[in-house]
Amino acid sequence: MKHIKWTGECLKIIDQRKLPGKVKYIFLKNLEEFHKAIVEMKVRGAPLIGIVGAFAIAVLAQEIKTDDRKEFLKKIEEGAKYILESRPTAYNLQYCVKFVCEKISECNHIEDMRKVAIETAQELMEREIENSRRIGEYGETLLNDGDTILTHCNAGELATIAYGTALAPIRIAQKKGKCLYVIATETRPAQQGARLTAWELLNEKIPVTVISDTAVGYVMSKGMVDKVIVGADRITKEGYVFNKIGTYQIALLAKEHNLPFYVAAPTSTFDINIEHNRVVIEERDANEIVFVGRKRIVAKGVKVYNPVFDKTPPNLINAIITEKGIIHPPFEKSISKLFS
Ligand code: MRU
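In this numbering scheme, every chain counts its residues from 1 along its sequence in written order. For a predicted model such as this one, the threshold for reporting local features is a pLDDT of at least 70, and the threshold for listing and counting side-chain atom pairs is 80 or more; totals across whole chains, interfaces and linings nevertheless cover every residue. The basis for every side-chain value is the complete set of heavy atoms in the structure, and neither hydrogens nor water enter the calculation.

Remarks on the packing of aromatic side chains
The criterion, for reference: The pairing test for Phe, Tyr and Trp rings, Trp by its six-membered ring, is centres within 6.5 Å, and the orientation test on the planes gives stacked under 30 degrees, edge-to-face over 60, and tilted for anything in between. Put simply, DSSP marks the helices as runs of H or I at least four residues long and the strands as runs of E at least two long, and each gets a number from the N terminus on. Relative accessibility under 20% of the residue-type maximum defines a buried residue, over 50% an exposed one, and the middle range a partly exposed one, all with a 1.4 Å probe and only protein chains included.
A full pass over the atoms with the stated rule returns 3 aromatic pairs. Relative to Phe55, the ring of Trp6 lies with its centre 5.0 Å away and its plane at 25 degrees, an arrangement referred to as stacked. Pair noted here: Trp6 is in strand 1 (residues 4–6) and Phe55 is in helix 2 (residues 46–63), with a separation of 49 residues, a long-range link. This pair shows no difference in class: Trp6 is buried, exactly as Phe55 is. Centre to centre, the rings of Tyr95 and Phe99 are 6.0 Å apart; their planes meet at 20 degrees, and the pair counts as stacked.

Next up, the structure:
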């Protein structure tokens, strides 16, 4: 099932908030609809929101009504700023939006700008599929037949365009005949693991067991996990990995139990121009914690803090799987080489 499709006029996506109960498609036709879909996490996952951001600018480029090149570029810049405000942590969104804007600004004529915007968004989408496939090819070499992999959040097809990041090595390994088992953490508060990862893997016939986030230490101590693979929303030049809240404690537990902790991400997730202390961690509405479904579980008047990403330091990471190969510590050195 394709969860994202460019129709030629608008972007057709599956509303991920409704999964797995309902497969509902929605159509994003203007900048406001793109912005809302990202903010409300109808689309989510760093690589996917990057592509959706690219199409947001492409659609905006078709809508701007002016013959003046300068004014056109100003409106594109304003639109890009608005889209980038939707979710601050995932670097792919910045990467893709800036990439499309740059391609637009290289054109002299407005008709070319409109055309190039669509072509670039489509090109980024194709590239994303190929990157995920390559991550899968490299990553599967780290997996042995019979391994049980613990993963967090959803870093699968739904978070990308195809294959996934953390789930790509598992998919490719299965295609190559390895038999793998997955433990998916529930991932409070938006339950991406329980709702999305489990559903994706069930559809692929890859055995999956969901556990609560709080069960990670216990299942590791029982010897039920061989390796951990997670995705990433942003990786800094020092090798700090920003990913779904809870990743850091899983990395600490993996270290304690001598389990390899791998991160899978395309190079479009690497922000080599920022220091880790300056990365903005998104905080979302308290109601995501206060309510489970429609049921209030936190008493009225209680203070709630809802950061949705955390930072895993490089010393807890054994390797990072990218589309250009697998890199190892010291990451400051291997990342600099990756981008040289
Ligand atoms: O809040 P989300 O669902 O957008 O967060 C997604 C994650 O944290 C994923 O693990 C990350 O984007 C890697 S995805 C390939």
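Next comes the rest of the description.
A few points about the side chain of Glu128
Put simply, the test is: Counting rule applied: Lys, Arg positive; Asp, Glu negative; His and chain ends not counted. A pair is scored as a salt bridge if a Lys or Arg side-chain nitrogen falls within 4 Å of a carboxyl oxygen belonging to Asp or Glu. Any two residues whose heavy atoms approach within 4.5 Å are treated as being in contact.
Structurally, the position occupied by Glu128 is in helix 5 (residues 110–140). Of the buried charged residues, Glu128 lacks a salt bridge, with Arg127 as the closest side chain of opposite charge at 8.4 Å. Apart from the residues within four sequence positions on either side, Glu128 is in contact with Pro47, Ile51, Thr160, Ile161, Pro266 and Ser268.

What about the nonpolar core?
We apply this condition: Put simply, buried Ala, Val, Leu, Ile, Met, Phe, Trp, Tyr and Cys residues joined by side-chain atoms within 4.5 Å make one nonpolar core.
Ranked by size, the top nonpolar core spans 47 residues in total, and within it Ile4, Leu11, Phe34, Val52 and Ile76 carry the most contacts. Counting only elements with at least two residues in this core, the list comes to strand 1, strand 2 (11–14), strand 3 (25–28), helix 1 (31–39), helix 2, helix 3 (69–84), helix 4 (91–105) and helix 5. A per-element tally of this core places helix 2 first, with 13 residues. Discounting chain neighbours no more than four positions away, the residues touching Leu11 are Ile4, Lys5, Trp6, Ile26, Phe27, Leu28, Phe34, Val52 and Phe55.

Regarding the sheet that holds strand 2
For clarity, the cut-off: Here, strands pair whenever DSSP counts at least two bridges between them. Helix axes are fitted only over the stretch in contact, all axes being lines through C-alpha atoms; the angle between N-to-C directions runs from 0 to 180 degrees.
Read from one edge to the other, the open sheet built from 3 strands follows the order 1-2-3, with strand pairing classed as antiparallel. Each edge of the open sheet is held by one strand with a lone partner, namely strand 1 and strand 3. Within the sheet, the average angular offset between the axes of one strand and its neighbour, ignoring direction, is 20 degrees. Pairing of strand 1 with strand 2 involves 3 bridges; the strand directions are antiparallel. When the sheet's bridge partners are listed, Ile4 is paired in strand 2 with Ile13. Where helix 1 meets the sheet, it contacts strand 2 and strand 3, and its direction lies at approximately 135 degrees from that of strand 3.

Quick look at the domain arrangement of the protein chain
Often, the extent of an interface is quoted as the loss of accessible area upon association of its parts. The condition is simple: An automatic or database domain assignment provides the domain bounds reported here. Computed with a 1.4 Å rolling probe, the buried area is the accessible surface lost when two parts are put together, summed over both parts. Polar contacts, as counted here, are pairs of nitrogen or oxygen atoms within 3.5 Å of one another; within protein the pair requires one atom able to donate a hydrogen and one able to accept it, and residues that are adjacent in sequence qualify only if both atoms are side-chain atoms. Three categories are distinguished: nonpolar for Ala, Val, Leu, Ile, Met, Phe, Trp, Tyr, Cys and Pro, charged for Asp, Glu, Lys and Arg, and polar for the others, with Gly belonging to the last.
When the domains of the protein chain are assigned, the result is domain 1 (4–133) and domain 2 (134–338). On a C-alpha basis, the centres of domain 1 and domain 2 stand 25 Å from each other. Across the contact, 30 residues belong to domain 1 and 40 residues belong to domain 2. Summing both sides of the interface, domain 1 and domain 2 together bury roughly 3000 Å²; the carbon and sulfur share of this comes to 54%. A per-residue breakdown of the area domain 1 buries against domain 2 is headed by Thr89, Tyr91 and Arg133, which together make up 24% of the total. Taken together, the links from domain 1 to domain 2 amount to 3 salt bridges. Notably, a salt bridge pairs Arg133 with Glu137, separated by 3.7 Å at the nearest N-O pair. Here domain 1 and domain 2 share 25 residue pairs in polar contact (both at pLDDT 80 or more) between them. By residue number, the principal contributor to the side of domain 1 that touches domain 2 is helix 5, which donates 7 residues. Counted by class, the side of domain 1 that touches domain 2 contains 16 nonpolar, 7 polar and 7 charged residues.

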